[in-house]
Structures are given as structure tokens and as C-alpha cells.
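# Structure at a glance
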Amino acid sequence: MRLWPQAWGAVGSAWRECFPLQGHEVARWFPGHMAKGLKKMQSSLKQVDCVIEVHDARISFHAHIPLSGRNPLFQELLGLKPHLLVLNKMDLADLTEQQRIVQHLEGKGLKNVIFTNCIKDENIKLIIPEVTELIKCSYRYHRAENLEYCIMVVGVPNVGKSSLINSLRRQHLRTARVLFAERTINGLKEVYVCERPLMFLLDTPGVLAPRIESVETGLKLALCGTVLDHLVGEETMADYLLYTLNRHGLFGYVQHYGLASACDHIEQVLKSVAVKLGKTRKVKVLTGTGNVNVIQPDYAMAARDFLRTFRKGLLGQVMLDRDLLPAC
Ligand SMILES: Nc1nc2c(ncn2[C@@H]2O[C@H](COP(=O)(O)OP(=O)(O)OP(=O)(O)O)[C@@H](O)[C@H]2O)c(=O)[nH]1
């Protein structure tokens, strides 16, 4: 829900112009355990006709950052394959500037882009015809004689790769009958998704670019559930979320939590959230007369709820990359 600040008595409020990023070590948030997954993907690429890269639509501008940064060979092979970019979770994204996003991505060489919602199967039917066309227009090397298509689905963790595969199966397989025994290629599961044309998708583990360009990018990825929240810190993430919502004029949180007004101070917001949810905790305080138990708002629980509510889309649709949109 988009409301203007004055609706909540915040007339004249100046929202923070920037978020304090110092003191955060982004490298620590993104564990380097992804090399194994990359290796499996790299060795399977020769048996693949097309790559579907899935990204979170809320961070569309980061979609041109190659997943494969560390491994030039993988990147090279990936570059030879037809490529479709799926910007998923469109239901959670503010797509007011969809046209400009698509133009920006085209400028970066990403010409085939489809926005999807895998929960409601929105735009899913566009994928197989697009992939088929891309393969038909490409050179398949030694696979030219092969009548079945093998598509690799890649993307950072939690963007909806498995959901996309399930959604494609829902849309294209009329029968629950298992027509093909499950196969694996280099340990990656191959899933039957379509009969005509005969198409299999290769599910891959979520893989992140080895180096995240900035703390702010790290925070955006974290808000999208790409890393475990506790590695970044729920309260830091909640603060970055509040900063973003206020800057974007998204004050749905005020109504959702029954706050008196919009506010840019995370501590105050989390306090109100905790009180509203009845989340308190006992803390021992040392006084002159000994230990006393004091009831305090549970800020950690409140931060978790704030993030969960945002991820369910209950605080409004957001484009986390809005600041990166090039000026017209
Ligand atoms: N709102 C919304 N949620 C989605 C959509 N697609 C997937 N999800 C949710 O996003 C979460 C992650 O989806 P997965 O399909 O497990 O993502 P993944 O990319 O396979 O995750 P990894 O295996 O960790 O790499 C799940 O809770 C899904 O229900 C979508 O289009 N909209």
C-alpha cells in the first residue's frame, strides 16, 4: 500500500538520504561454499541447449551481474548458449518502471526477459515457446540430432528455481503419470516438463556471484532471502527495509502494525511492533538492591516479523533497485 507521509502525521519528516554502511563486512554474509555447485553446472553445460537464469524481480538491475564471475570457463560456455532471463516474484515487485527496466537490461545484452509469478503461474506459459524459439535459432553443436531439449535453470538461492520448474510442470503436463524415469547429469536432477517439444529442465543449486559488489547490494540480496538472515543480522536488515520503505513512500507498515505514524527510527518501530505482537522478554538488570527482572520489547522477534511480513508482500510491492534506474 502506498500512502503519503502526511496521511500518518509525518508532515515535514525527512527520511534518511543514505544508509550507514560502514562496519559491515559483506564477504562474511555470503559463504563461499558454492564452488561445488558451479563445478557441476560447468561440467553439465555441454549437454544443455539453453540456460534459463532466474532472478528476483525486486532486484532486476542486478540481473546482469554474472553468476559465474570466478570461473571464466563457465562464463564463456554460458555465453555460447541461448539465454532467457526470468524475473520471478513479480507479485512482490513494483513494476511501474517495467519498460525502463527491460530497456536497461537490453542495453546490457539481456534481450530475452520474462517476468513471472510462480505461485500463481503468471506468464509461465510464455517460457517454453520462447525457449523453443531460442534453441531453433541457435547452433546446437553435437546436439543437433537430439530431439529432446535440455534446459539448465540457474540463479542465486531462493529466487524460485524449483518453483519455476514445478510451475512449468503444472502448466504443461496434463497427466501426473511418470513418463520418464528420473535422470541426473553430473549429480544435477533432470526434470521432465513438457511433451511437445520434449523438454527436460536441469535443476541446479543456488549460486551467488563470488564477490558482492557492495554492502548495499548485499543488503538487498539479504532482504530477498538469498542468505541466512542471522549472518547479516535481522535488526540491520529490518533497518535497511525501513529505510527503503520510507524513501519509496511505502507506508503500509504503519497501518499493518497499527503505528501512530511513519517513522525512520528502527528502534521505535520495532518497539511498537513488539508491543503490538505481544513479544516481550524478561531481562535481568543489576540495581543497587540486587537483580531485578525487567520486561522489555523483544526487538529480535519484532525484526523477524517485520522481514517476514515484507517477504509475504504485505507491506507493498517494492523495487529495491529503484535508485539504480538510469535517469530518462
Ligand atoms: N511471492 C512469490 N513467492 C515465490 C515465487 N516463486 C517462488 N516463491 C517462493 O520463494 C521461496 C523460494 O522458492 P524456491 O523455488 O525454493 O527457490 P530456489 O531458487 O529453488 O531456492 P534454492 O534451492 O535455495 O536455490 C519459496 O518460499 C517459494 O514459495 C513467486 O513468484 N512469488
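If you're wondering where the values come from, they're calculated on a predicted model, not measured in any experiment. (Residues numbered from 1 in each chain as written. Predicted model: local features only at pLDDT ≥ 70, side-chain atom pairs only at ≥ 80, totals over all residues. Heavy atoms only, no water.)

Looking only at helices and strands, one finds 12 helices and nine strands in the protein. A total of 328 residues make up the protein; the buried ones form 51% of that total. Within the protein, contacts between residues separated by at least 24 positions form 73% of all contacts whose residues are at least 6 apart in sequence. Looking at the protein as shown, the accessible area adds up to about 16800 Å², and 51% of this sits on carbon and sulfur atoms. (Helix = DSSP H or I, 4+ residues; strand = E, 2+ residues; numbered from the N terminus. Buried < 20%, exposed > 50% of the residue type's maximum accessible area, 1.4 Å probe, protein only. Contact = heavy atoms within 4.5 Å. Areas by Shrake-Rupley, 256 points an atom, 1.4 Å probe, with all protein chains shown as cover.)

Attention now goes to the site of the ligand. Near the ligand lie 15 residues; those nearest to it are Asp91, Cys118, Lys161, Ser162 and Ser163. In the model, an oxygen atom of the ligand is placed 3.2 Å from a nitrogen or oxygen of the Asn117 side chain. Residue contributions to the shell around the ligand peak at three residues, all from helix 6 (residues 161-172). Across the shell around the ligand, the residue classes break down as five nonpolar, seven polar and three charged. (Near = heavy atom within 4 Å. Polar contact = N/O pair within 3.5 Å; in protein donor to acceptor, adjacent residues only side chain to side chain. Nonpolar A, V, L, I, M, F, W, Y, C, P; charged D, E, K, R; others polar.)

As a further point, take the side chain of Glu53. Tracing the chain through its elements places Glu53 in strand 1 (residues 50-56). Buried charge without a salt bridge: Glu53, with Lys161 as the nearest opposite-charge side chain at an N-O distance of 11 Å. Only 3.4 Å separates the side chain of Glu53 from the side chain of His55, close enough to count as a polar contact. (Lys, Arg positive; Asp, Glu negative; His and termini not counted. Salt bridge = Lys/Arg side-chain N within 4 Å of Asp/Glu carboxyl O.)

All right, on to the UniProt feature "binding site: GTP" (unreviewed entry) in the protein then. The feature "binding site: GTP" (unreviewed entry), as given by UniProt, occupies Asn88, Lys89, Met90, Asp91, Asn158, Val159, Gly160, Lys161, Ser162, Ser163 and Gly206 in the numbering adopted here. Among the secondary structure elements, Lys89 is positioned in the loop between strand 2 (83-88) and helix 4 (98-107). On the accessibility criterion, Lys89 (19% relative accessible area) is buried. Those residues in contact with Lys89 that lie beyond four places of it in its chain are Asp56, Ala57, Arg58, Thr116, Asn158 and Val159. Checked against the element boundaries, Gly206 lands in the loop between strand 7 (199-203) and helix 7 (215-223). (UniProt positions renumbered as here; feature names shortened; annotations may be inferred.)

Right, let's talk about the nonpolar core for a bit. The biggest cluster of nonpolar side chains holds 71 residues, and the ones touching the most others in it are Ile52, Ile127, Val131, Ile151, Leu164, Tyr253 and Phe306. The dominant element in this core, judged by the number of residues it contributes, is helix 9 (residues 234-247), at seven residues. Setting aside chain neighbours within four positions, we find Leu164 in contact with Ile52, Val54, Cys118, Ile124, Ile127 and Val153. Core analysis: the second largest hydrophobic core is formed by 16 residues, Leu85, Leu87, Phe115 and Met319 among them. (Core = buried A, V, L, I, M, F, W, Y, C linked by side-chain atoms within 4.5 Å.)

Under the criterion given, the structure shown has 13 salt bridges. The salt bridge involving Glu25 is made with Arg28; its shortest N-O contact spans 3.8 Å. In this structure, Glu25 and Arg28 share a single accessibility class: exposed. A salt bridge links Lys220 to Asp321, with the nearest nitrogen and oxygen atoms 3.1 Å apart. Here Lys220 is found in helix 7, whereas its partner Asp321 is found in the segment after helix 12 (299-311), with 101 residues between them in sequence. The burial state of Lys220 is the same as that of Asp321; both residues are buried.

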